[in-house]
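Inside the fold
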Amino acid sequence: MRSFAQFALAGCLLAAAGTARADETRFLQSFKGNFAGKGIVKVTTDAPTVNVSCTFKSNATSTSLSLDGNCRGLIVVTRAISADLTASGAKYSGTYVGSRTGPAQLNGSRSGNAINLGIRWAKEVNGDRSAQMKVEKRGENGMRLTVTDTDPKTGKSVVTSRIDLQRS
């Protein structure tokens, strides 16, 4: 009887793991496509806000999400931005490119319709090497990318970029 109970428990755990993977697959696939939108960017927490227009191409598999795009601000300044994430269950890790300090490491997890990530910058930004990024699914065809950092002077959290995108 004990071996049957262990077998049944193992079967339940495998079924739960399959359901969790399926949930991440559907979630990741919902980001697939071309997106365009507008937002704001601040180079540092105390810098002026710059309005930007952005385009992104997003690819997804059952365990990964890749965002590649460009944002244009002040009419003539364009910056390439990308994020490559790998999912293991609801845990995510990867790399973000777009900061002038070089590639940054990303680690976090999904909560509801958002992937909440800690950023580890290649060099100090705003007095340290950490910030937060949220990749959020907004409705059927929208996504919001938000980066927040701590202002070293006030200790308050500041949105340093927020880009709202719609499938194009």
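Everything quoted here is computed from the prediction, not taken from an experiment. (Residues numbered from 1 in each chain as written. Predicted model: local features only at pLDDT ≥ 70, side-chain atom pairs only at ≥ 80, totals over all residues. Heavy atoms only, no water.)

Regarding the state of the cysteines
Applying the stated criterion across every chain yields a total of one disulfide. A sulfur-sulfur separation of 2.0 Å characterises the disulfide bridge that pairs C54 with C71. Disulfide C54 to C71: torsion about the S-S bond roughly 110°, handedness right-handed. Of this pair, C54 sits in strand β2 (residues 50-60) while C71 sits in strand β3 (residues 64-73), and the two are 17 residues apart along the sequence. For the pair C54 and C71, a shared accessibility class is recorded, and that class is buried. (Disulfide = S-S within 2.5 Å. Helix = DSSP H or I, 4+ residues; strand = E, 2+ residues; numbered from the N terminus. Buried < 20%, exposed > 50% of the residue type's maximum accessible area, 1.4 Å probe, protein only.)

Focus on the packing of aromatic side chains
To describe a pair of aromatic rings, you give the distance between the ring centres and the angle between the ring planes. Using the criterion set out here, one finds two aromatic pairs in the structure. With 5.1 Å between their ring centres and 85° between their planes, F27 and F31 make a pair best called edge-to-face. Accessibility classification places F27 together with F31 in one group, the buried group. Across from the ring centre of F31, 5.8 Å away, lies the NZ or CZ of K137, which sits over that ring. (Phe/Tyr/Trp six-rings, centres within 6.5 Å; stacked < 30°, edge-to-face > 60°. Lys NZ or Arg CZ within 6 Å of the ring centre and 35° of its normal.)

Quick word on the side chain of D149
Looking at where D149 falls in the secondary structure, it is placed in strand β9 (residues 142-150). No salt bridge forms around the buried D149; measuring N to O, its nearest opposite-charge neighbour R100 is 9.5 Å away. In this view, D149 contacts T45, W121, V125, N126, D128, S130, A131, K156, S157, V158 and T160; residues no more than four positions away in its chain are not counted. (Lys, Arg positive; Asp, Glu negative; His and termini not counted. Salt bridge = Lys/Arg side-chain N within 4 Å of Asp/Glu carboxyl O. Contact = heavy atoms within 4.5 Å.)

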